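Each chain is listed here by its residues.
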Amino acid sequence: MPSPVVSRWQEKANGLLSSSGVKLKQVGQSAGENVADAAERVGSLVKSRWSVIRQSRQQRSLPVETVQERIVSAAASTGAVLKKSLSETKEVVAAGKVKVGEAAKKTADKSRSLLNNIERWQKGVASSDVFGVPIEITVQRQQYSMPIPHVLVKCADYLILSGLHTEYLFKYEGDRKILQQLISLYNLDSNSSLPDSVNPIDVAALMKCYLASLPEPLTTFALYQDIRNNARCSTEELKNVLRRLSNVNYMTLELITALLLRVSQKSSLNKMDAHSLAVEFAPIIMWRKGGPRPDAYGYLNYSSRTSPKDSNTSTHNVWDILSDEDDDGLGASSLIPLDDSSPPDYDAIQVIQCLIEHHNAIFTDANETTWR
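All values reported here derive from a predicted model rather than from experimental measurement.

Draft legend 1. Representation of the pattern of salt bridges. Here the structure, examined in full by the defined rule, presents 4 salt bridges. Across the pair E280 and K208 runs a salt bridge, and its minimum N-O distance is 2.9 Å. Here the residue E280 occupies a position in helix α11 (residues 274-285), and K208 occupies one in helix α6 (residues 200-213), the gap between them amounting to 72 residues. Among the residues examined, E280 registers a relative accessible area of 4% and is labelled buried. For K208, a relative accessible area of 2% puts it in the buried group. Here D347 ties to R228 by a salt bridge, and the two come within 2.2 Å at their closest N and O atoms.

This is the structure in structure tokens:
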């Protein structure tokens, strides 16, 4: 029986192929209608000119010279109009062919990427991927002493040293191509280091990409309701619920919220307080089973959040090969997380904000993350 992830890909594949067929048909019909319209215009012009010639020939009372002049004039203008109309018709036909060709190519590219993704997912745990793989499997594979995904540790260490003063950290999206490269890097080698050329915005976006790509949220489906309920009570009760998480999930959550606490402490510089950070992280740390969740292959599709350095370029969109018809068709390693249109989960936001603001009180029994 196929895994839920593979089934989800197969559903998307069916949807893509079905919608692509309809789009190709519409493009072809549009091109055909344009050509037909142009041909009809040419036919109408020929008929009208022929009518003028016939009228001129029937008006025998007019001097022969006048009739001949009218016929010559009508023939000349008809020739010019026909030439122009035929030229326009050729242009319409050529444009139609190009349009159909482009649509077909885009569909083929998307289909190829989709099949690659399905093939990679069918390999399951045998692959080397980090993004989109259960967090426990990633931790088991890596050559690292801490029970936390290496990619998150490297990103957090980098941001503590170089990113705390960056405005709108974790709100602005990163550079799409750089994120693709970083995701591919860690999918090939989970123990990789960040390249020297990266910047805080891209590294912050990479962390969100990873969390959004997890098949199950960091807080797990089983504890979703208990965590929501206890967030309204006391930090002590929330702390007791979180102890029921696996060591990997617990320690990873501690790392993430410890980093967010440090970011919020510099909010006067980076403009990201605990609430703002909770709004960004709640959808990718905590969602209920069967409910709206971040689609890791489409996550960076919030154009209103483009950073100043990217304001004049078309950015971004992990799994957006299937999002809208203007995307680039990303490959299997193009995981870049989805700002969907679902209403905010205010309870989840409250939980994450509580974990940030009361981090030190909630995670007292953990090997607390410390940075020099």
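So that's the structure; there's more coming.
Draft legend 2. Main features of the packing of helix α5 (residues 176-188) against α6. Across the interface, α5 lies against α6 with an axial gap of 10 Å and an inter-helix angle of 55°. Relative to α6, α5 is oriented oblique. Seen from above, α5 lies across α6 with right-handed handedness. Across the interface between the two elements, I178, L179, L182, I183 and Y186 of α5 pack against D202, A205, L206 and C209 of α6.

Draft legend 3. Summary view of helix α9 (residues 247-264). The end-to-end C-alpha distance of α9 is 25 Å, a good match for the 26 Å that 18 residues give at a rise of 1.5 Å each. Counting buried residues in α9 gives 16 out of 18 residues, a clear majority hidden from the surface.

Draft legend 4. Representation of the packing of aromatic side chains in the model. Taken as a whole and assessed by the stated rule, the structure comprises 5 aromatic pairs. When the ring of F131 is compared with that of Y210, the centres are 5.6 Å apart and the planes differ by 85°; the resulting orientation is edge-to-face. Here the residue F131 occupies a position in the loop between α2 (64-123) and α3 (135-141), and Y210 occupies one in helix α6, the gap between them amounting to 79 residues. Under the relative-accessibility criterion, F131 is labelled buried at 1%. In this structure Y210 comes out as buried when scored by relative accessible area, which is 0%. Taking 4.9 Å as the distance between ring centres and 75° as the angle between the ring planes, the aromatic pair formed by F170 and F281 counts as edge-to-face.

Calculation criteria
- Residues numbered from 1 in each chain as written.
- Predicted model: local features only at pLDDT ≥ 70, side-chain atom pairs only at ≥ 80, totals over all residues.
- Heavy atoms only, no water.
- Salt bridge = Lys/Arg side-chain N within 4 Å of Asp/Glu carboxyl O.
- Helix = DSSP H or I, 4+ residues; strand = E, 2+ residues; numbered from the N terminus.
- Buried < 20%, exposed > 50% of the residue type's maximum accessible area, 1.4 Å probe, protein only.
- Axes fitted to C-alpha atoms, helices over the stretch in contact; angles between N-to-C directions.
- Parallel < 35°, antiparallel > 145°, perpendicular 65-115°, else oblique.
- Left-handed = near helix turned anticlockwise from the far one by under 90°.
- Contact = heavy atoms within 4.5 Å.
- Expected span 1.5 Å × (residues − 1).
- Phe/Tyr/Trp six-rings, centres within 6.5 Å; stacked < 30°, edge-to-face > 60°.

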